[in-house]
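Read off the chains here:
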Amino acid sequence: MKLYRLPRYVLAEFPTPVDFLESFSKLNNGPKIYMKRDDLTSLGMGGNKTRKLEFLVGEALDQGKDTLVTAGGLQSNHCRLTAAAAGKAGLDCHLVLNGNCPETASGNLLLDKIFGAQIHYCDRKDRDQRLYQVADTLQNQGKRPYVIPVGGSNGVGSVGYVNAMVELHAQLTQMKVQPDAIVFATSSGGTQAGLTLGAELTGFKGQVLGISIDQVKTGKNPFPPVLLEIARATAQRLGISTELTEQDFSLNCDYLGAGYAVPADLEFNAIRDLARCEGILLGPVYTARAMGGLMDLIQQGVFKKGQTVLFWHTGGSPELFAWSSQLGSQSGSFEG
Ligand SMILES: *Cc1c(COP(=O)(O)O)cnc(C)c1O
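Residues numbered from 1 in each chain as written. Predicted model: local features only at pLDDT ≥ 70, side-chain atom pairs only at ≥ 80, totals over all residues. Heavy atoms only, no water.

As recorded in an unreviewed UniProt entry, the protein chain goes by DcyD1 and comes from Desulforapulum autotrophicum. UniProt annotates the protein chain under Cofactor (unreviewed entry) with the comment "pyridoxal 5'-phosphate". (UniProt positions renumbered as here; feature names shortened; annotations may be inferred.)

Here's what the structure looks like:
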């Protein structure tokens, strides 16, 4: 396996901690809940994109590129961490963000600006095209752009989550903990593809369960094929073979609510409960939806007393500040 020979640019300190959430487990009255703290990756307020960016930036530097270009929503954690990584690696950064330039930047958008990224605003429907237009323009100006897909989810970036599974395997062995399931937020799929491939590689016996944040399972383009595609590209990048099929990807799409980045009671309750039990913060868009989903699955008896679940915290707490009008209002969900 080429894991330790692929170009990698170190962006944070690893391993991230694994915590036992004693009070939060008690509150939910179900399985023992552990948490893998990828909210604590030590670059630019943390999150899962850091692990992917180590390998993406590694490749960009290896290819002699001088500018990172990527895309996402106004509150994209991926874009914020790309901006932070670019600065550290001595690269320029251009971000294509769908949405209108707000009067006052908050949350991740504020951080994009502090990290010095150049921002291009566009409509959601034009985003993918704009990403390549911006890269073309830079190229014509004599720059050497490196385009990172939305969420950093390709065979290069997902290597970071195969590596993360190897890291977790060593921690769990030492702790003598065997989770029945690993639960986390899934959106562009690179995290789940890497973890599932990593589970195959390390012989992890439990379920690897993504809670979908925005992808619908049914329809003409169901999501698991994309997960399989990324996992296969990742295996190829690592020079290993994989026997994964679509059936090996567990994705729960029951918690989509009113859509992407529209948090409601499920998310707000999860944020409040975890913050008050453990002093740990979730983000309203991704991790609070996934944790709200896990809490509901416990209530439904899908995960029970006597079992062990590991929640993989993928970050996103800077999103909180973009929802301050809901979270902090007089009639908000945080009274009492
Ligand atoms: C991007 C992101 C995810 C989803 O990861 P994917 O690899 O895109 O599926 C989950 N949580 C947070 C906080 C994120 O920023």
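Picking up where we left off.
Undergrad: Would you explain the environment of Leu-91 in this entry?
TA: Along the chain, Leu-91 turns up in the loop between helix 3 (77–89) and strand 4 (92–98). Judged by relative accessible area, which is 9%, Leu-91 ranks as buried. Residues Leu-91 and Val-57 lie 34 residues apart in sequence; the distance between their C-alpha atoms is 9.2 Å. Setting aside chain neighbours within four positions, we find Leu-91 in contact with Val-57, Leu-61, Lys-65, Asp-66, Thr-67, Leu-68 and Ala-86. (Helix = DSSP H or I, 4+ residues; strand = E, 2+ residues; numbered from the N terminus. Buried < 20%, exposed > 50% of the residue type's maximum accessible area, 1.4 Å probe, protein only. Contact = heavy atoms within 4.5 Å.)

Undergrad: Is there a simple way to explain unusual backbone geometry in this structure?
TA: Comment: phi is negative for the bulk of residues other than glycine, and the bulk of peptide bonds are trans. For the peptide bond that leads from Phe-14 to Pro-15, omega is 0°, which places it in the cis range. Its identity is not glycine, yet Lys-176 carries a phi of approximately 55°, on the positive side. Checked against the element boundaries, Lys-176 lands in the loop between helix 6 (159–175) and strand 7 (181–186). In this structure, Ala-261 is a non-glycine residue whose phi angle is positive, near 60°. Mapped onto the secondary structure, Ala-261 falls in the loop between strand 9 (250–252) and helix 9 (265–278).

Undergrad: Would you take a moment to explain the domain arrangement of the protein chain for this structure?
TA: One frequently used descriptor of interface size is the decrease in accessible area upon assembly of the parts. Each domain of the protein chain was delimited in the assignment, giving domain 1 (18–47 + 154–330) and domain 2 (49–148). Of note, the centres of domain 1 and domain 2, computed from C-alpha atoms alone, are 24 Å apart. Every contact between the two is made by 28 residues of domain 1 and, on the other side, 20 residues of domain 2. Taken over both partners, the interface formed by domain 1 and domain 2 buries close to 1,900 Å², and the fraction arising from carbon and sulfur atoms is 60%. Joining domain 1 to domain 2, the criterion identifies three salt bridges. The closest approach of N and O atoms between Glu-167 and Arg-51, which form a salt bridge, is 2.9 Å. Connecting domain 1 to domain 2 are nine residue pairs in polar contact (both at pLDDT 80 or more). For the side of domain 1 that touches domain 2, the secondary-structure elements that each account for two or more residues are helix 6 and helix 7 (190–202). Of all the elements, helix 6 adds the most residues to the side of domain 1 that touches domain 2, at six residues. (Domains from an automatic or database assignment. Buried area = accessible area lost by both parts, 1.4 Å probe. Salt bridge = Lys/Arg side-chain N within 4 Å of Asp/Glu carboxyl O. Polar contact = N/O pair within 3.5 Å; in protein donor to acceptor, adjacent residues only side chain to side chain.)

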